Amino acid sequence: MERMNTVTEHETDAARQQNPDATRQQIQENRPLALPVVLVGLAGAALLISAGGQTFGLTRWWAFAFLDYTPLGLRWAAGAAIVLAATPPVYDWWLRYAAAIEQGLRRLALPMWLALLLALVGFWLLRENTWHGDALYKVALLESTPLRDNPYIWKEPLDSLLEYGMTAAVRPFGLGPDRAIAFMSVLAGGVFVAATWAAARWLTTHLLRRVVIAVALLASGASLLWFGHVENYSWATALAFATVVLAVGALQNRAPLWIVGVTGGAAVSFHPQAAFVLPALLVLLRRDRWPRQVTALTLSGLVAPVATVLMLRSLGAPLPTMNGGFAGDPQLFWTPLQALAPAQLADGLQNLWLIAPLWPFWIAGGAVGMVRLWGAGRGARGEDGRTFLLLSVAAAGMLCYFFAFQNDLPRPRDWDL
């Protein structure tokens, strides 16, 4: 089946190269309505130019406060560019030259291994020099506290285990824990880039759409996690994303089910927050094969967690206690009333904006797509429908975590969550 999919994909790409009009026709058929696009462009320009209302004294929306440091003339120029890009004439120009753009992209394409190597080097050379979040405390713990006495190891078990191991590995070279964690962050970035490449390749055979998917994923605020981020979310985030991508591959018979389970279990071992994407794996189950699939996912998913617990216990780490809450935290999650309180909700939405600015459009598009999906007959949904459902459930799980997890918002200077 995988070979068949690959052959079909190559045939589709070859057909597009031989018939450039096919690219223009496909884009023309999916042309968006002009008015909504222009309105979105105007709204984006207004937010940019006014720094989210900061210019008019609306200081409550702290997510845009950083734009105050950008010269007003530059903001006006960027706002004008946004509006111009949203106008129909620009879209028509792009449509006219779409085939030429696609052919140019094909000539510029790099081998995957070279692109990945360049990404890793770039992440390291451009790594962060300002620590965020709990970085100072984390580095202090790694410098002065043995693993068995670290009160936070069960919040990020595998992450803690590897941080201590990496710190010991770089110490002979005169490097501290901050460099060890930064190196781990960069490696996690490599996993994310590889998963992004696979996602773009598996979700569409259209080259321009592959580029759009890859750019959108790499351009989000969460990409700061790959630039030597001294914290504990890089590997959990990268592997949670890789789990979803591999699940898409499993739907298309491109990836075995057991590797989905191993990756998901490893993500949860790095940080339990990754468990919120796991309900999406239920979409993989088929009525005639679900007992075997559940067994495969369960057994493979337990490999990393069980190995992590055994390793930590062998190093003398005590089992977690609930005295004063989990790992000393009396409340991990908000109650529904607390999460939906207007002030908390406003802070959460702004924090989400900084991480994923396009989330309002994703949610709106997802809602429309879900209505269409369930409006179609079961036979009409096919693998594309199941893929869309899987991605929607994964996104819903992460949004649930985002708004339910008890954190210290607002964080104008610290939004690594």
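Rules used in this analysis
Residues numbered from 1 in each chain as written. Predicted model: local features only at pLDDT ≥ 70, side-chain atom pairs only at ≥ 80, totals over all residues. Heavy atoms only, no water. Helix = DSSP H or I, 4+ residues; strand = E, 2+ residues; numbered from the N terminus. Buried < 20%, exposed > 50% of the residue type's maximum accessible area, 1.4 Å probe, protein only. Contact = heavy atoms within 4.5 Å. Areas by Shrake-Rupley, 256 points an atom, 1.4 Å probe, with all protein chains shown as cover. Salt bridge = Lys/Arg side-chain N within 4 Å of Asp/Glu carboxyl O. Axes fitted to C-alpha atoms, helices over the stretch in contact; angles between N-to-C directions. Parallel < 35°, antiparallel > 145°, perpendicular 65-115°, else oblique. Left-handed = near helix turned anticlockwise from the far one by under 90°. Nonpolar A, V, L, I, M, F, W, Y, C, P; charged D, E, K, R; others polar. Patch = residues over 30% accessible without salt bridge, like charges linked within 9 Å, V, L, I, M, F, W, Y side chains within 5 Å. Phe/Tyr/Trp six-rings, centres within 6.5 Å; stacked < 30°, edge-to-face > 60°. Lys NZ or Arg CZ within 6 Å of the ring centre and 35° of its normal. pLDDT = per-residue confidence, 0-100. Expected span 1.5 Å × (residues − 1). Core = buried A, V, L, I, M, F, W, Y, C linked by side-chain atoms within 4.5 Å.

Considerations on the overall build of the protein chain
Argument step 1. Per the secondary structure count, the protein chain includes 19 helices and 0 strands.
Argument step 2. Out of the 417 residues belonging to the protein chain, those deemed buried represent 41%.
Argument step 3. Within the protein chain, counting contacts between residues at least 6 apart in sequence, those at least 24 apart form 75% of the total.
Argument step 4. With the model as given, the accessible surface of the protein chain reaches about 22,600 Å², and the carbon-plus-sulfur share is 69%.

Focus: the pattern of salt bridges
Close approach of charged atoms lets side chains of opposite charge pair.
Argument step 1. One pass over the full model with this rule turns up 2 salt bridges.
Argument step 2. Across the pair E163 and K138 runs a salt bridge whose closest N-O atoms are separated by 3.0 Å. In this pair, E163 sits in helix α9 (residues 157–170) while K138 sits in helix α8 (residues 135–144), placing the two residues 25 residues apart along the sequence.
Argument step 3. The partner of D288 in a salt bridge is R289, with the nearest N and O atoms 4.0 Å apart.
Argument step 4. The class for D288 is exposed, based on a relative accessible area of 65%.

Concerning the packing of helix α13 (residues 257–270) against helix α14 (residues 290–301)
Argument step 1. Where α13 contacts α14, the two axes come as close as 7 Å, and the packing angle between them is 40°. In terms of orientation, α13 and α14 fall into the oblique class. When you trace α13 past α14, the crossing you get is right-handed. Contacts between α13 and α14 involve L257, W258, V260, G261, V262 and G265 from the former and Q293, A296, L297, S300 and G301 from the latter.

Topic: the packing of helix α10 (residues 177–203) against helix α12 (residues 234–251)
Argument step 1. In contact at an axis separation of 9 Å, α10 and α12 are set at 20° when each is read in the N-to-C sense. One way to sum up the angle between α10 and α12 is to call them roughly parallel. Handedness of the crossing formed by α10 with α12: left-handed. Only S234, W235, A238, L239, F241, A242, V245, L246, V248 and G249 of α12 make contact with α10, whose side of the interface consists of M184, S185, L187, A188, V191, F192, A195, T196, A198, A199, W202 and L203.
Argument step 2. Classifying every residue of the contact of α10 with α12 by side-chain character gives 18 nonpolar, 4 polar and no charged.

Let's talk about a nonpolar patch on the surface
Argument step 1. Taken together, the side chains of W113, L117, V121, L125 and L126 define a hydrophobic patch exposed on the protein surface, amounting to about 580 Å² of accessible area.
Argument step 2. Position of V121 relative to the elements: it lies in helix α7 (residues 112–125).
Argument step 3. On the basis of relative accessible area, V121 is assigned to the partly exposed category, the value being 40%.

Digging into the side chain of H271
Argument step 1. Structurally, the position occupied by H271 is in the loop between α13 and α14.
Argument step 2. Setting aside residues up to four positions removed in sequence, H271 forms contacts with K155, E156, N232, Y233 and A236.

Describing the packing of aromatic side chains
Argument step 1. A full pass over the atoms with the stated rule returns 12 aromatic pairs.
Argument step 2. Between W124 and F183 the ring centres are 6.3 Å apart and the planes differ by 80°, which places this aromatic pair in the edge-to-face class. Placement of the pair is W124 in helix α7 and F183 in helix α10, with a sequence separation of 59 residues.
Argument step 3. Given a relative accessible area of 37%, F183 falls into the partly exposed group.
Argument step 4. When the ring centre of W124 is taken as reference, the NZ or CZ atom of R127 above it lies at 4.0 Å.

Things to note about the confidence of the model for the protein chain
Argument step 1. With 85% of its residues at a pLDDT of 70 or more, the protein chain has an overall mean of 82.
Argument step 2. Helix α1 (residues 2–18) is the least confidently modelled element of the protein chain, averaging 45 in pLDDT, while α13 averages 96, the highest of any element.
Argument step 3. Counting interchain partners and residues more than four positions distant, the pLDDT-below-50 stretch residues 1–18 has 22 contacts.

Let's talk about α9
Argument step 1. Here α9 contains 14 residues, and its C-alpha end-to-end distance of 20 Å stays within 8% of the 20 Å for a straight helix at 1.5 Å per residue.
Argument step 2. When α9 is considered as a whole, its buried residues turn out to be P157, L158, D159, S160, L161, E163, Y164, T167 and V170.
Argument step 3. Those residues of α9 that are buried are in contact with α8, α10, α12, α13 and α15 (303–314).

Description of the environment of T55
Argument step 1. Considering the arrangement of structural elements, one finds T55 in the loop between α3 (34–49) and α4 (72–85).
Argument step 2. As for T55 and A65, which are separated by 10 residues in sequence, their C-alpha atoms are 9.7 Å apart.
Argument step 3. The residues touching T55, leaving out its near neighbours within four places in the chain, are I49, S50 and R75.

A look at the nonpolar core
The nonpolar side chains of a soluble globular protein tend to be buried, and buried together.
Argument step 1. If you look at the biggest cluster of nonpolar residues, it comprises 58 residues, and the most contacted ones within it are F123, L147, W226, V245, V260, L284 and L390.
Argument step 2. Listing elements by their share of this core, those giving two or more residues are α7, α8, α9, α10, α12, α13, α15 and α19 (378–404).
Argument step 3. The biggest single contributor to this core is α12, with 14 residues.
Argument step 4. Setting aside anything within four residues of it in sequence, one finds W226 in contact with F123, S185, V186, A188, G189, F192, S234, T237 and A238.
Argument step 5. Listed in part, the 7 residues of the second largest apolar core include L48, W62, A63 and L67.

Some remarks on unusual backbone geometry
What is expected of a backbone is that most residues other than glycine have negative phi and most peptide bonds are trans.
Argument step 1. The phi dihedral of A51 is positive, around 55°, even though this residue is not glycine.
Argument step 2. On the secondary structure map, A51 appears in the loop between α3 and α4.
Argument step 3. With phi around 60°, N253 is a residue other than glycine that occupies positive phi space.
Argument step 4. Looking at where N253 falls in the secondary structure, it is placed in the loop between α12 and α13.

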